Amino acid sequence: MVKFGSLSTTAKVVLGFIGTAIATFLVLFYIFYEGPFYLVAHQPTQPINYSHKVHADDNKIPCQYCHTFARRSEMSGVPGAARCMNCHESVKQEAPEIKKVIAHYENNKPIEWVKVFDLPDHVWFSHKKHIAKDVSCQTCHGPIEKMDVVSRTNDFQMGFCLDCHQENEAPTDCWTCHT
Amino acid sequence: MDRRSFLKFGALAASSGVMGACGQATQKVIPFVIPPEDGANPVDGYHYATTCRECEAGCGVVVRTVNGRAKKIEGNSVHPISNGRACVKAQAAVQRVYHSERLTDPMVNKNGKFEKISWNDAIGMLVEKLKIANGKTFFLNNGANDALAGVVDSIFGEKGGNFIASNHDFGHESLIAGGSSLFDFPKIQLADMSNADFTILLGADMNESGVSPVYQAYTFGQSRRGRPSKRGRFVYCGSRLSPTAASADKWLPVPPGQLGLLALSIAQVVVDTVIQRELAPSVGRDTLMGWRQALNSFTPEKTYKKIEVKADYIRRMAAPFVDEAPALMVAGDGVVGFTNGTSSTEAIEFVNMLSAEIGREKTKLSQAKTLQSNPTLKAALQANFGLAPEKQSFRRLKILTDGMVGNEYKVGIISHTNPVFDTPKSLKFKEALANVPFKVSFSCFMDETTVECNLVLPDNHWLESWSAQLPNFRPGVPILNLVQPTVVPFLNTKQAGDVLLEAAAKAGIAVPAKNLESFIGTVIEKNRAYLKDVPTALDTKESWNHMLQSGGWWPNYNIGGQAETPKPASLSAVSKNLIIEDPSFDGDDSYQFYLHPYKTAHMGRGNGANQAWMHEAPDPVTTLMWQFWIEVNPVMASTIGVVEGDIVKVASPYGSITGPVFPFAGLRPDVIAVPVGYGHTKYGELANNVGSNAMNLLGITIDKTSGALAFRSQKVSITKDKGSVMMMRNAHPRGEYKGEIFQL
């Protein structure tokens, strides 16, 4: 075995550099993924100031009127401007935010929404399967019908999923989600 | 700052940088403004049955679409041609439809520079020119027997100096003519090898570039592995060890143009055996004796020198046609590429017919599962969804070219074909086209022909189109393929059929329908009574949807239907066809080699050259990829003094090409093989300046009987040129194929 003291100065410098880099990386990794930064509610600015509260709570529009694929697919789907126009053809056309939607619709230009909820690529999640078991939207998305601006209320770590699965006697095999 | 602090800060910055790279970029969700399919599932998608139009084989395919975009294409498992399979071209069609070089808008050619114009202006221009032309319009397509061809035939016909022609795959005319003289329908006879114990493939590179590679490869596989107790045996005869030949049990390097002679020699042995054993009584002894007389000069002992196969081996190959009847012979490019292509095809079909007759009597079973459709239906479909075979010969393309030189046409309409690139340069199509005052090209891409046109009208890709198509060959059942839009067009394109119908109507020409979809629907509705297996209880819309869901119409030959075997028009009349003339070649004694231009599965005649997937797909035998090559037998390569990668020059009386040499032991020493489809100059970034165009070498030698281009009748010379390149191969130089080739 080569003792540290017997190494040349250059080797010591290189090893010191690598050691410091690894240590810093590990500290930052922990802070980033497990620490408070990750738990901060993700609340991005959207191109349209859409309010779930106005639609889902005040006007009692069912979630799946807009998120039409939720009960049929892995993804819930985000509605196109055409679906907005189903109502806004005759409702509140003068509102500034609705005018933006109308402009997108008339110019055939999609609205580029910013993702709020997301899961890593190694997790397979199906809206269809959860809705089939009557899991409410709020279980994962929080009181979204009360939000004017949507924010992430859960960290979506594995423990969050497992707690619910165990509580409801849903499968907890690895490959249930990590297929 | 001391060195230690500098290193610490450096390490901190580096690891922070790595952490920063681990973070997720802002992700966006961009939904359609108007979803292309109401209620479309964004993950599972939808599956649509349609027909692949990458070639004219007419394979049924199923397209998986998600969010209105085609994601995957696979074979339609209920379709009688594809049987659930799809070839490399069909799989890569998704790359074509979303190709970055697709034509996006109509364009007009202003002094060699193309400018975008609106569809209204483009159609207005076409209408004006059609009015002025008052007839004297030619239409040229790629040999498609589809609704567009039917509509054009209906609109323009041959009235008032109009002319219709096809730039068909070379040699198909001879396959049709050779079969038609023995059978009573003008279609290519395509053998079903599924139940054949022994098959001789005569220049038939069927698995990669045949009439229908998917169907033929399927039946090839069925013969080999589809029957638990039997394994079909295959012998390939031809100048080059093609991928199909490499899949066979034996390769016999028969000289160019002599495969028909081999067929007749086998026929002689078969007829002799039949007479000796008193088989096939239904044919009649007098007829058999007549055949023996006609075949007297084709005994193996008399022909083996020309065929270069031992007489004993010819007899061994002939034996299964009696003992294991029905055995099969399959003709391909190696037969029809010569001036005796039609008579060679006739000889081959004769042997097949005779063996089928022997087999039928031995087994008391019908060989082919064939249904004859109603003649009225056949005529109606052929009239509306295709062109008559006589309009699709190379000879007709030559007549068209001569007509252009003679200023006979005022308007030219070219649809999805590139004759400036893929016909022999000596035809001088480009120069002739310059004499036509107004040329229109319907195309998805810019190419060597489109760039010569005055008006470019971007057509929908077939995944965005309506059409009906009749396969160019006969696989045992009558088939009407339907093509439906599986994705919404995303560019400013329009379907050629719709544009032509609109323009013709505005020009005051009688049109059969307002658009292609209604044209197809009307024709089918008129003939619905003949379409067996479409439930009669369905109304018009329901039956139309029923057919679209299947991908078309074909009778279910397992349910009802009357099984028939294609019968010879008259067996006794066949004897006059039992003659093979010697092939004639173009080029004097200074040209010592036979040129063997061949299609690869991925390049076709050149339309695959603008696709990265096609370049990336290695040639199955040479394993070369992303480049052009010239194949020479290793013995000849050493005689010329070249090694792999050295640049050589191949010359004929009509031109020359250069390229890196690939010494290939699976080639006769007197043959030089060149893949076609390379050497584009105006077909996009991936295609341009990759290799040389083999068409530059060809003269115009025609099989007089069928009018087909004898595209393997050219003799060439080869010399060493300057330079050398590294050959890009996808296999170890001592890969398995090479070992087997040397053993042969």
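Basis of the calculations
- Residues numbered from 1 in each chain as written.
- Chains lettered and ligands numbered in written order.
- Predicted model: local features only at pLDDT ≥ 70, side-chain atom pairs only at ≥ 80, totals over all residues.
- Heavy atoms only, no water.
- Pairing = 2+ DSSP bridges.
- Helix = DSSP H or I, 4+ residues; strand = E, 2+ residues; numbered from the N terminus.
- Axes fitted to C-alpha atoms, helices over the stretch in contact; angles between N-to-C directions.
- Contact = heavy atoms within 4.5 Å.
- Parallel < 35°, antiparallel > 145°, perpendicular 65-115°, else oblique.
- Nonpolar A, V, L, I, M, F, W, Y, C, P; charged D, E, K, R; others polar.
- Expected span 1.5 Å × (residues − 1).
- Left-handed = near helix turned anticlockwise from the far one by under 90°.
- 1 Å grid on protein atoms, 1.4 Å probe; cavity = no way out; pocket = protein on both sides within 12 Å on 5 of 7 lines; lining within 4 Å.
- Points joined across faces, edges and corners; volume = space filled by probe spheres on them.
- Domains from an automatic or database assignment.
- Core = buried A, V, L, I, M, F, W, Y, C linked by side-chain atoms within 4.5 Å.
- Buried < 20%, exposed > 50% of the residue type's maximum accessible area, 1.4 Å probe, protein only.
- Salt bridge = Lys/Arg side-chain N within 4 Å of Asp/Glu carboxyl O.

Before going further, it helps to examine the sheet that holds strand β7 (residues 137–141) of chain B. All names here are of chain B. Spatially, seven strands are ordered β6-β5-β17-β16-β15-β7-β8 in an open sheet, and the strand pairing comes out mixed. Because the sheet does not close on itself, it has two edges, and the strands there are β6 (113–116) and β8 (163–166). Neighbour to neighbour, the strand axes of the sheet diverge by 20° on average, direction disregarded. Pairing geometry for strand β5 (residues 107–110) and strand β17 (residues 455–458), over two bridges, is antiparallel. Paired with Met107 across the two strands is Val456, which belongs to β17. Those strands touched by helix α5 (residues 147–155) are β7, β8 and β15 (411–415), and its axis lies near 165° from that of β7. Here helix α18 (residues 394–405) sits on the sheet and contacts β7 and β8; the angle it forms with β8, its principal contact strand, is near 130°.

This paragraph deals with the packing of helix α22 (residues 516–526) of chain B against helix α23 (residues 540–550) of chain B. A packed helix pair is summarised by two numbers, namely the angle formed by the two axes and the spacing between the axes. All names here are of chain B. Direction vectors running N to C along α22 and α23 enclose 105°, while the axes themselves pass 11 Å from each other. Looking at the two axes, α22 sits roughly perpendicular to α23. The residues of α23 that touch α22, namely those facing Glu517, Ile520, Gly521, Ile524 and Glu525, are Thr540, Ser543, Trp544 and Met547. Looking at side-chain class alone, the contact of α22 with α23 contains four nonpolar, three polar and two charged residues.

Below, the discussion takes up α18 of chain B. Taking 1.5 Å of rise per residue, the 12 residues of α18 of chain B would be expected to cover 16 Å, and the 17 Å separating its terminal C-alpha atoms lies within 8% of that figure. Where α18 of chain B ends, the next residue or the one after it, Asn407 of chain B, has phi of about 55°, a positive value.

The strand order β18-β20-β21 (chain B) describes an open sheet built from three strands, whose pairing is antiparallel. Lying at the two open borders of the sheet, with one neighbouring strand each, are β18 (467–469) and β21 (552–553) of chain B.

Here the focus is the packing of helix α10 (residues 259–277) of chain B against helix α11 (residues 285–294) of chain B. Residues and elements named next belong to chain B. Where α10 contacts α11, the axes come no closer than 9 Å and their chain directions differ by 145°. When the axes of α10 and α11 are compared, the crossing they make is left-handed. Contact residues: Val271, Asp272, Val274 and Ile275 in α10; Arg285, Leu288, Met289, Trp291 and Arg292 in α11.

With that out of the way, let us pick up empty space enclosed by the protein. If a probe the size of a water molecule is rolled over the atoms, the empty space left behind becomes visible. Residue and element names in this part refer to chain B. Tallying each qualifying case throughout the model produces six cavities of 30 Å³ or more. In this structure, the second largest cavity occupies an estimated 160 Å³ of space. What lines the second largest cavity is a set of 19 residues, among which Phe170, Lys599, Arg605, Val676 and Phe711 lie closest to the centre. Partitioning the lining of the second largest cavity into residue classes produces eight nonpolar, five polar and six charged. Here the lining of the second largest cavity spans two domains, since at least three of its residues come from each of domain 3 (173–367) and domain 4 (593–743).

This next bit is on the nonpolar core. All names here are of chain B. Within the largest apolar cluster, 78 residues are counted, with the highest numbers of intra-cluster contacts made by Phe138, Leu400, Met404 and Ile630. Not counting the four nearest positions on each side in its chain, Ile630 is found in contact with Val648, Val650, Ile657, Thr658, Gly659, Pro660, Val661, Phe662, Ile672, Ala673 and Val674. Of all hydrophobic cores here, the second largest spans 58 residues; its members include Val211, Tyr215, Met353 and Trp554.

In the Ramachandran plot, Asp134 of chain A falls in the positive-phi region, its phi being about 60° despite a non-glycine side chain. Considering the arrangement of structural elements, one finds Asp134 of chain A in the loop between α7 (127–132) and α8 (137–141). We note that Asn134 of chain B has phi near 45°; this positive angle belongs to a residue other than glycine. Along the chain, Asn134 of chain B falls in the loop between α4 (119–133) and β7.

All names here are of chain B. Across two bridges, strand β23 (residues 593–598) lies against strand β28 (residues 715–724) in antiparallel orientation. Residue Tyr594 lies in a different strand from β28, and its bridge partner there is Lys715. Examined bridge by bridge, strand β25 (residues 646–652) and β28 share five bridges and lie antiparallel to one another. Bridge assignment links Lys649 to a residue of β28, and that residue is Thr719.

With that settled, the discussion passes to the pattern of salt bridges. All names here are of chain B. Taken as a whole and assessed by the stated rule, the structure comprises 33 salt bridges over all chains. One salt bridge in this structure joins Lys230 and Asp197, with 3.7 Å as the shortest N-O distance. Of the two residues, Lys230 is situated in the loop between α8 (213–225) and β11 (233–237) and Asp197 in the loop between β9 (188–189) and β10 (198–202); the sequence distance between them amounts to 33 residues. Judged by its relative accessible area of 43%, Lys230 falls in the partly exposed class. With a relative accessible area of 17%, Asp197 lands in the buried category. Close ionic contact of Arg233 with Glu324 constitutes a salt bridge, the shortest N to O distance being 2.5 Å. Here the residue Arg233 occupies a position in strand β11, and Glu324 occupies one in the loop between α14 (320–323) and β13 (328–331), the gap between them amounting to 91 residues. With a relative accessible area of 34%, Arg233 lands in the partly exposed category. Within this structure, Asp169, Asp422, Lys599 and Arg605 form a network of salt bridges that share partners.

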